[in-house]
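Structural overview for review
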Amino acid sequence: MFLVADNGIGIDPKYNEQIFRIFRRLHTHDEYEGTGIELAIADRIIRRHGGRIWVKNELGKGSTFYFTIPIHFIK
């Protein structure tokens with residue numbers, strides 16, 4: 001298992017599944033930059049290789065993204 005953590009604005013846990021859908025933004029472009037495709041691309045790449053991605057977070061305290069890649073792929 002791998003993880004990537006940040007100390008950003010965090011994400012309300014009720015949106016944990018929505019953030020992995022393409023073009024699903026939680027904020028306007030004026031509030032925060034981004035296209036809304038980054039996590040969807042990561043999700044597709046990881047799943048295509050037989051892995052899994054998920055997030056644990058707390059609004060206002062950052063997010064931690066976890067993902068797995070099967071061991072046969074890492075060799």
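Residues numbered from 1 in each chain as written. Predicted model: local features only at pLDDT ≥ 70, side-chain atom pairs only at ≥ 80, totals over all residues. Heavy atoms only, no water.

Another aspect to go through is the pattern of salt bridges. Scanning all chains against the criterion turns up two salt bridges. A salt bridge links D43 to R47; the shortest N-O distance between them is 2.6 Å. Taken together, the residues D43 and R47, both in helix α1 (residues 38–48) and four residues apart, mark about one turn of the helix. (Salt bridge = Lys/Arg side-chain N within 4 Å of Asp/Glu carboxyl O. Helix = DSSP H or I, 4+ residues; strand = E, 2+ residues; numbered from the N terminus.)

So, on to the sheet that holds strand β3 (residues 63–68). Sheet architecture is open: three strands sit in the order β1-β3-β2, paired in antiparallel fashion. With partners counted over all chains shown, the strands left at the sheet margins are β1 (2–5) and β2 (52–57), one partner each. When strand polarity is set aside, the average angle formed by the axes of neighbouring strands in this sheet is 20 degrees. Here four bridges tie β1 to β3, and the two strands are oriented antiparallel to one another. Residue pairing in the sheet places F2 in a bridge with F67 of β3. Lying on the sheet, α1 is in contact with β2 and β3; it crosses β2 at an angle near 140 degrees. (Pairing = 2+ DSSP bridges. Axes fitted to C-alpha atoms, helices over the stretch in contact; angles between N-to-C directions. Contact = heavy atoms within 4.5 Å.)

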